[in-house]
Amino acid sequence: MTTSNMPDEPYYTSEQIPIPPELPDILLQFSKAAIRTQPSDVLAWSAAYFRALANGETPPVKERLEMPVATQKTDTGLTMGLLKILHKQLSPKGTLPLVDIRKKFDDVNIPREQYDEIVQIGSFNVDAQWDHFLAIAVSKVAKNMTDTLIKICELLTSDPPGANARIPFEQWKKYYRYLAEIDGDIREPHIKEVIDYLANEWVIRQNGMIHPRNFIHPECPKLEG
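Once a new chain begins, its residue numbering starts again from 1 and follows that chain's sequence as written. Whole-chain, interface and lining totals are the exception, using all residues; otherwise, since this is a predicted model, local features are given only for residues with pLDDT of at least 70 and side-chain atom pairs are given and counted only at 80 or more. Note that the side-chain values use all heavy atoms of the structure and ignore hydrogens as well as water.

**Looking at the environment of Pro-168**
Logical step 1: Helix and strand assignments come from DSSP, with helices taken as H or I runs of at least 4 residues and strands as E runs of at least 2, each series counted from the N terminus. Mapped onto the elements of the fold, Pro-168 is located in strand 3 (residues 167-168).
Logical step 2: Measuring from C-alpha to C-alpha, the distance between Pro-168 and Gly-208 comes to 6.0 Å, with 40 residues separating the pair along the chain.

As C-alpha cells, this is what we get:
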C-alpha cells in the first residue's frame, strides 16, 4: 500500500475561520461596480478601484451601465460614462499635472492615442486646466459644437437623468468661449451675439441657469457661426 509523504492539510470548519465583518460588503460593492463599469482590463481596473478606496479618493465607477462607443480601432474608447468618472475624480483639483490626468485615463483603459490627441488639440504642456481638457474630451465623442455643449450640460448638471440638464450660464459661457477659441473660425461678434441672445431671452428668466433647449431653439444664433 502506497502512502503519501505529503502532510495532511489541516481541516477548518467555518466557525474556525474568522471573516472580517466588512469583507462581504466590500466584495458586494466591488462586484456591483465592476458589472456597472464593464472595464476592458478587469485586473488593472480592480487595482485602481481598491487604490482609490484606500486613499479616500473617488473610485473609477460608472453611475450606470452604458454601451461603449469606440472611436479607436481597439475594442474600447472614450465614453460619456468614463468622462463622468474622470470629472468626479479630477474637477476638484482645477489645474493639475498632465501626468495625473494620464494616470486616471490609464486606470479606466482609455486608449493612449485618445489622450495624446486631446493634449495636442489643447496645446497642453506640463499642466492642464481640467475644464479645458474635459471640453476637448467631450468634443471627441460629440458630432459638433452644439452636441458637445449638450453633452457638457448633461455631464455637469445636478438635474436627474432625463430632466432639463441645467447648469449655471456663467459656467456654460466659459465652455462655449473655450471651444470657440479652439475652433478658430468663430469670431468674437458672433460669440457675443449668441451670449446676448441667451442671456436676454432665457437666462434672465431661469435664475441664471441654461439648458440645451435654450441654445438649440430655432431663434438662437447657431453656436458654430
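There's more to say after this.
**Details of a nonpolar patch on the surface**
Logical step 1: Together, Ile-17, Ile-19, Leu-23, Ile-26, Leu-27, Phe-50 and Leu-53 make up a nonpolar patch on the protein surface, roughly 590 Å² of accessible area in all.
Logical step 2: Of all the elements in the fold, those that place two or more residues in the nonpolar patch are helix 1 (23-37) and helix 2 (42-54).
Logical step 3: With three residues, the single largest contributor to the nonpolar patch is helix 1.
Logical step 4: With respect to the helices and strands, the residue Ile-17 is situated in the segment before helix 1.
Logical step 5: Overall, the relative accessible area of 45% leaves Ile-17 in the partly exposed class. Any residue with relative accessible area above 30% and no salt bridge may belong to a patch, with like charges joined within 9 Å and the nonpolar Val, Leu, Ile, Met, Phe, Trp and Tyr side chains within 5 Å. Note that accessible areas follow from Shrake-Rupley with a 1.4 Å probe, and for residues the cover is restricted to the protein chains shown. By convention in these notes, a salt bridge is any Lys or Arg side-chain nitrogen within 4 Å of a carboxyl oxygen on Asp or Glu. Remark: exposure states derive from per-residue accessible area (1.4 Å probe, protein chains only) relative to the maximum for the residue type, with buried under 20%, exposed over 50%, and partly exposed in between.

**Re unusual backbone geometry**
Logical step 1: One non-glycine residue, Ser-123, lies in the positive phi region at around 50°.
Logical step 2: Here Ser-123 shows up in the loop between helix 5 (112-122) and strand 2 (127-129).
Logical step 3: We classify Ser-123 as exposed; its relative accessible area is 64%.
Logical step 4: Unusually for a residue other than glycine, Asn-207 sits at a positive phi of about 55°.
Logical step 5: Tracing the backbone through its elements, the reader meets Asn-207 in the loop between helix 9 (188-201) and strand 4 (209-210).

**Some details on the side chain of Thr-79**
Logical step 1: Within the secondary structure, Thr-79 sits in the loop between helix 2 and helix 3 (80-90).
Logical step 2: A polar contact is formed between the side chain of Thr-79 and the side chain of Glu-66, at a distance of 2.3 Å. Counting of polar contacts relies on pairs of N or O atoms within 3.5 Å, with two restrictions inside protein: one atom must be capable of donating a hydrogen and the other of accepting it, and residues adjacent in sequence are counted only when both atoms are side-chain atoms.

**So, the pattern of salt bridges**
Logical step 1: Considering all chains together, one arrives at 14 salt bridges under this definition.
Logical step 2: A salt bridge links Glu-63 to Arg-64, with the shortest nitrogen-to-oxygen separation between them at 3.8 Å.
Logical step 3: The exposure class assigned to Arg-64 is partly exposed, which follows from its relative accessible area of 46%.
Logical step 4: Salt-bridge contacts for Asp-159 lead to Arg-166; the nearest nitrogen and oxygen are separated by 2.7 Å.

**Description of the packing of aromatic side chains**
Logical step 1: Centres within 6.5 Å are what make two rings of Phe, Tyr or Trp a pair, Trp counting through its six-membered ring; a difference in plane orientation under 30 degrees is then read as stacked, over 60 as edge-to-face, and the rest as tilted. The final tally for this structure, using the stated rule, is 13 aromatic pairs.
Logical step 2: The rule for a charge over a ring is simple: NZ of Lys or CZ of Arg within 6 Å of the ring centre, and within 35 degrees of the ring normal. Arg-205 extends its terminal NZ or CZ atom over the ring of Trp-202, reaching a point 5.0 Å from the ring centre.

**Things to note about the packing of helix 1 against helix 2**
In a pair of packed helices, the angle between the axes and the distance between the axes together describe the arrangement.
Logical step 1: Running from N to C, helix 1 and helix 2 point in directions that differ by 130°, and their axes come no closer than 11 Å. With respect to helix 2, the axis of helix 1 lies oblique. Crossing angle aside, the handedness with which helix 1 passes helix 2 is right-handed. Mapping the contact onto sequence places Ile-26, Gln-29, Phe-30, Ala-33, Ala-34 and Thr-37 in helix 1 and Trp-45, Ser-46, Tyr-49 and Phe-50 in helix 2. Axis lines are fitted through C-alpha atoms, for helices just across the contact stretch, and the angle between N-to-C directions can take any value from 0 to 180 degrees. Here roughly perpendicular refers to angles of 65 to 115 degrees, roughly parallel to angles under 35, roughly antiparallel to angles over 145, and oblique to all remaining angles. Here a crossing is taken to be left-handed if its near helix is turned anticlockwise relative to the far helix by less than a right angle, and right-handed if that turn runs clockwise. By definition, residues are in contact when any of their heavy atoms lie within 4.5 Å.

**With respect to the nonpolar core**
Considering soluble globular proteins, one finds that nonpolar side chains tend to be buried as a cluster.
Logical step 1: Nonpolar core, defined: a set of buried Ala, Val, Leu, Ile, Met, Phe, Trp, Tyr and Cys residues in which side-chain atoms within 4.5 Å join the residues together. Of all hydrophobic cores here, the largest spans 52 residues; its most connected members are Ile-101, Phe-133, Leu-149, Trp-172, Tyr-176, Leu-198 and Phe-215.
Logical step 2: Once you skip the residues sitting within four places of it in the chain, Tyr-176 turns out to touch Met-145, Leu-149, Ile-186, His-190, Ile-191, Val-194, Ile-195 and Leu-223.
Logical step 3: In this structure, Ala-33, Ala-34, Trp-45 and Tyr-49 belong to the second largest nonpolar core, which totals six residues.

**Let's talk about helix 5**
Logical step 1: Taken as a whole, helix 5 has its buried residues at Gln-114, Tyr-115, Ile-118, Val-119 and Gly-122. The buried residues of helix 5 all sit within an arc of 140° when viewed along its axis, so they share a single face.
Logical step 2: The first or second residue beyond helix 5 is Ser-123, which carries a positive phi of 50°. Here, the arc refers to the directions that run from the helix axis to the C-beta atoms.

**Section: the layout of surface pockets**
Logical step 1: Buried and open spaces are told apart on a 1 Å grid over the protein atoms alone, a cavity being a set of points where a 1.4 Å probe fits but cannot get out and a pocket being an open set with protein on both sides within 12 Å along at least five of seven lines. Residues with an atom within 4 Å of a point are the lining residues. Grid points are joined across faces, edges and corners, and a volume is the space filled by probe spheres set on the points. Space inside the largest pocket adds up to approximately 450 Å³.
Logical step 2: Arg-64, Lys-84, Glu-154, Leu-155 and Pro-161 are the residues nearest the centre of the largest pocket, which is lined by 19 residues in total.
Logical step 3: Those elements giving two or more residues to the lining of the largest pocket turn out to be helix 3 and helix 7 (145-156).
Logical step 4: Per-element accounting of the lining of the largest pocket gives the leading share, four residues, to helix 3.
Logical step 5: Class assignment of the residues belonging to the lining of the largest pocket gives a composition of eight nonpolar, three polar and eight charged. Here the term charged refers only to Asp, Glu, Lys and Arg, the term nonpolar to Ala, Val, Leu, Ile, Met, Phe, Trp, Tyr, Cys and Pro, and the term polar to all other amino acids, Gly among them.

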